[in-house]
Amino acid sequence: MSRARENANISPAAGRNMVINSAMNVAQRATSVAGLGAAAGYFTVDRWKLDFGGSTAGRLTMSQTADGPNGISANCLKLDCTTADTSIAAGEYLMCETRFEGQNLQRIGKGTAGAKQITFSFYVKANAAFTFGVEVYDADNNRQITKLFTTSTGWVRHEITFPADTSGTLGDDNAGSLIIQFWLHAGSNYTSGTLNSTSWANATTANRAGGIGSFYSSTDNNFFITGAQMEVGPVATELEQEDFGVTLAKCKRYFQRLEWDNGSMNVALQETVSAGTYNVSYTTKRANPTVTL
């Protein structure tokens, strides 16, 4: 029994990481998309969204890149600044984010007397030293907390523990309840206050990103991230290495590129197909999907 407990402490149970596609291995839509910066969306790596605000002139290329830290992942998400924006309007922002359904977060106990701390860890590097922010945002109750971190030219693992929050319960449903947001660029609407970094609070716009640098400061800039893990408690454990098939199945709950099987070949939905009967393998989605041919 003693040895079993020791082993449990050394190798925590599978499923402790609440981040989907944490190692950036799945990219169903594309592996690289250029000219981004005008509209938010999911473009390359599954479950990782870019969100843009204001009328920023900055533009970037987002890609899944085979440049991960040894022993962690062969892949990472890369952002490459292609058009700089050094005249920052008040309402501008750039965020890279991943979202969580409330029904998958009940283990945190947020909004209850037994609320637990969460620890978010990730591997990051850039072309130079930057200060950016990572925010946990409660979309159900408009509450948030942000911590700053710094980058260097080599891979560094950051381990950030966020305090428990006994206010604002998360819906036990399939709606998006919690968002991890990396603040990479922001105007004074988001940076002019005092950074809310020590305890959860009702969101005040000016306090969400104080002290961050700007990814758009130069076309030399790039930002790499992989190995993201969110888990219960004050300790960052070793990154959970999930089977690729398991990760892909989780991603298909939100987006799936289908192929039509006409018996002799597979034809991607984006291509023209002749009349007939086609079979597709379809994964149940989080909500009613839209279909693009």
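Above this note sits the structure.
From a predicted model like this one, the values you see are computed outputs, not experimental measurements.

Participant: Can you help me understand the overall build of the protein in this one?
Facilitator: Regarding its fold elements, the protein presents three helices and 15 strands. Taking all 293 residues of the protein together, the buried fraction comes to 46%. Considering only intrachain contacts with a sequence separation of at least 6, the fraction spanning at least 24 residues in the protein is 73%. Just so you have it, the protein exposes about 13500 Å², and 47% of that area is on carbon and sulfur atoms.

Participant: Sorry if this is basic, but what is going on with the environment of M24 here?
Facilitator: Along the polypeptide, M24 turns up in the loop between α1 (2–10) and β1 (32–36). Taking the C-alpha atoms as reference, M24 lies 8.7 Å from A74; in sequence the two are 50 residues apart. Contacts of M24, omitting those with residues within four sequence positions, involve V45, W48, Q64, N75, C76, L77, I225 and T226.

Participant: Can you help me understand the pattern of salt bridges in this one?
Facilitator: Side chains that differ in sign of charge can pair as their charged atoms come close. Inspection of every chain in the model, using the stated rule, returns 10 salt bridges. Its salt-bridge partner being D138, residue K110 comes within 2.7 Å of it at the nearest N-O pair. Highlighted residues: K110 in the loop between β6 (93–101) and β7 (118–126) and D138 in strand β8 (residues 131–138), separated in sequence by 28 residues. Assigned by exposure class, K110 and D138 land together as buried. Each of K110, D138, R143 and D165 takes part in one network of salt bridges that share partners.

Participant: Is there a simple way to explain the nonpolar core in this structure?
Facilitator: Proteins that are soluble and globular tend to have nonpolar side chains buried together. Residues L60, F120, F122, F182, F215 and M230 are the most contacted members of the largest nonpolar core, which totals 44 residues. Among the elements that take part in this core, β7 stands out by supplying five residues, more than any other. If we ignore the near neighbours within four places in the chain, the residues touching F122 are V134, F149, V156, R157, H158, I160, F182, I225, T226, G227 and A228. Counting seven residues, the second largest nonpolar core, distinct from the first, contains M95, W183, A186 and Y190.

Participant: Would you mind showing me how to read the pairing of strand β3 (residues 49–53) here?
Facilitator: Here is the key point about a regular strand: its side chains alternate between the two faces of the sheet. Burial runs high along β3: five of the five residues are buried. Residue alternation in β3 divides its side chains into two sets, K49, D51 and G53 and L50 and F52, and both sets are buried. Taken together, the two bridges between strand β2 (residues 41–42) and β3 define a ladder with antiparallel strand orientation. Residue pairing across strands places Y42 opposite K49, the latter belonging to β3. Counting the residues that bridge the hairpin from β2 to β3 gives six residues, and of these R47 lies at a positive phi of roughly 70°. As defined by bridge partners, β3 adjoins β6 across five bridges and the pair is classed as antiparallel. Bridging from a neighbouring strand, D51 pairs with M95 of β6.

Participant: When you look at the sheet that holds β2 in this model, what are you seeing that I'm missing?
Facilitator: The pairing of strands in a sheet comes from backbone hydrogen bonds and takes either a parallel or an antiparallel form. Read from one edge to the other, the open sheet built from seven strands follows the order β2-β3-β6-β11-β8-β9-β12, with strand pairing classed as antiparallel. Each edge of the open sheet carries a strand with a single partner, namely β2 and β12 (201–202).

Participant: Sorry, what's going on with the packing of aromatic side chains here?
Facilitator: Aromatic rings in a pair are described by how distant their centres are and how their planes are angled relative to each other. Within the structure shown, the criterion is met by 14 aromatic pairs. Centroid distance F132 to F223: 5.6 Å. Interplanar angle 90°. Geometry classified as edge-to-face. Of the two residues, F132 is situated in strand β8 and F223 in strand β13 (residues 222–232); the sequence distance between them amounts to 91 residues. Owing to a relative accessible area of 0%, F223 belongs among the buried residues under this scheme.

Participant: Sorry, what's going on with the side chain of Q181 here?
Facilitator: Relative to the helices and strands, Q181 is located in strand β11 (residues 176–186). A polar contact of 2.5 Å, which involves the side chain of Q181, links it to the side chain of E135. With near-sequence residues (within four places) excluded, Q181 lies in contact with M95, C96, E97, G133, V134, E135, Y137 and R208.

What counts, and at which threshold
Residues numbered from 1 in each chain as written. Predicted model: local features only at pLDDT ≥ 70, side-chain atom pairs only at ≥ 80, totals over all residues. Heavy atoms only, no water. Helix = DSSP H or I, 4+ residues; strand = E, 2+ residues; numbered from the N terminus. Buried < 20%, exposed > 50% of the residue type's maximum accessible area, 1.4 Å probe, protein only. Contact = heavy atoms within 4.5 Å. Areas by Shrake-Rupley, 256 points an atom, 1.4 Å probe, with all protein chains shown as cover. Salt bridge = Lys/Arg side-chain N within 4 Å of Asp/Glu carboxyl O. Core = buried A, V, L, I, M, F, W, Y, C linked by side-chain atoms within 4.5 Å. Pairing = 2+ DSSP bridges. Phe/Tyr/Trp six-rings, centres within 6.5 Å; stacked < 30°, edge-to-face > 60°. Polar contact = N/O pair within 3.5 Å; in protein donor to acceptor, adjacent residues only side chain to side chain.

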